[in-house]
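Now for the letters of each chain:
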Amino acid sequence: RKKGMEKRKVDVVIKIGGSAITDKNKFETIKDSRIDDFTNMMANYNNSNQGIILIHGAGSFGHFQAHQYKLSREGLYTPDDSTCISKEKLLGSAQTRLSVTRLSHILVTALTQTGVPAVAVSPFPSWSTSILNASSTTSITHQEQELLQLVQLGFVPVIHGDVELNESRGVSILSGDVIMNFLVDRFKPKKVLFLMDVDGLLTLPPEVEGSRLIKELKVCKEEGGKNEVELYEESQNKSDDVVYNKR
């Protein structure tokens, strides 16, 4: 094998929030300067010869359509008949997909222009989440092997939040965060990076008065399939414990 062409593994999974690269309050509006900053950062990062998967949120691309047609709550079916597929919702699903793939095209174009071998990978229709009730687990059919093969060859797969198939509702919305959790669990990367439009992990939503930046997060493995997360606030030098189920 030629030098520099060794097979890579997934070293880093990066999630950039939709609000970091789009204006979520304006229909299909990108933040040009943020995309420029991000793609230049990615160009430098790609030179490290690490295997990278990139996930991006939809931001103002897709959210308006998904909300209008109530895809998350109702899927394809009419509110008063769970057996009748709505033609309007079918069209709305297609419009939502068109919108999110438009943003993906913009981002992948910008990445390739800076020398990053980025390739778009859409979740639809390969990913499928089935939620039978509030307490059920989530099962996903996925493109795991395809993503790994792309990384091994040196590509940077770019995957995004999308419409997804759903057994009980026809379709629903698959978030970038769900994709992130699944890929991290499968590939066990060395690093997981979250890029966003705020300073970091906060004690409250950024618009709420008194919101403070949490400077350090410590994850302690526990028995019983759970992790204990200690959040350290620099300003008060104290910690709050949060327990969540390990995926």
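Placed above this text is the structure.
Residues numbered from 1 in each chain as written. Predicted model: local features only at pLDDT ≥ 70, side-chain atom pairs only at ≥ 80, totals over all residues. Heavy atoms only, no water.

A.B. asks: What exactly am I supposed to notice about the packing of helix α6 (residues 144-153) against helix α7 (residues 176-187) here?
C.D. replies: Each packed pair of helices is defined by two parameters, the angle between the axes and the distance between the axes. α7 packs onto α6 with a crossing angle of 70° between their chain directions and a minimal axis gap of 12 Å. The pairing of α6 with α7 is recorded here as roughly perpendicular in orientation. For the crossing formed where α6 meets α7, the hand is right-handed. Together, Glu 144, Leu 147 and Leu 148 of α6 and Leu 183, Arg 186 and Phe 187 of α7 make up the contact between the two elements. Taken together, the residues of the contact of α6 with α7 break down into 4 nonpolar, no polar and 2 charged. (Axes fitted to C-alpha atoms, helices over the stretch in contact; angles between N-to-C directions. Helix = DSSP H or I, 4+ residues; strand = E, 2+ residues; numbered from the N terminus. Parallel < 35°, antiparallel > 145°, perpendicular 65-115°, else oblique. Left-handed = near helix turned anticlockwise from the far one by under 90°. Contact = heavy atoms within 4.5 Å. Nonpolar A, V, L, I, M, F, W, Y, C, P; charged D, E, K, R; others polar.)

A.B. asks: How should the nonpolar core be read in this particular structure?
C.D. replies: Among the nonpolar cores identified, the biggest contains 22 residues, and Phe 38, Met 42, Ile 52, Leu 54, Leu 107, Leu 111 and Val 116 are the most heavily contacted of them. If you list the elements that add at least two residues to this core, you get β1 (10-16), α1 (18-21), α2 (32-46), β2 (51-56), α5 (87-113) and β8 (156-160). Every residue in contact with Leu 107, bar those within four places of it in the chain, is listed here: Ile 21, Ile 35, Phe 38, Leu 54 and His 56. Counting residues in hydrophobic clusters, the runner-up holds 15 residues, among them Val 10, Leu 174, Ile 179 and Leu 183. (Core = buried A, V, L, I, M, F, W, Y, C linked by side-chain atoms within 4.5 Å. Buried < 20%, exposed > 50% of the residue type's maximum accessible area, 1.4 Å probe, protein only.)

A.B. asks: Would you mind going over the pattern of salt bridges with me for this structure?
C.D. replies: Side-chain pairs of opposite charge can arise whenever the charged atoms involved come near each other. One pass over the full model with this rule turns up 6 salt bridges. The partner of Asp 177 in a salt bridge is Lys 15, and the shortest N-O contact between them spans 3.0 Å. You can see Asp 177 sitting in helix α7 and its partner Lys 15 sitting in strand β1, a full 162 residues away along the chain. With a relative accessible area of 9%, Lys 15 lands in the buried category. Residue Arg 186 is joined to Glu 144 by a salt bridge in which the shortest nitrogen-to-oxygen separation is 3.2 Å. With a gap of 42 residues between them, Arg 186 in helix α7 and Glu 144 in helix α6 connect regions that are remote in the sequence. What makes Arg 186 partly exposed here is its relative accessible area of 38%. Overlapping salt bridges bring together Glu 144, Asp 185 and Arg 186 as one network. (Salt bridge = Lys/Arg side-chain N within 4 Å of Asp/Glu carboxyl O.)

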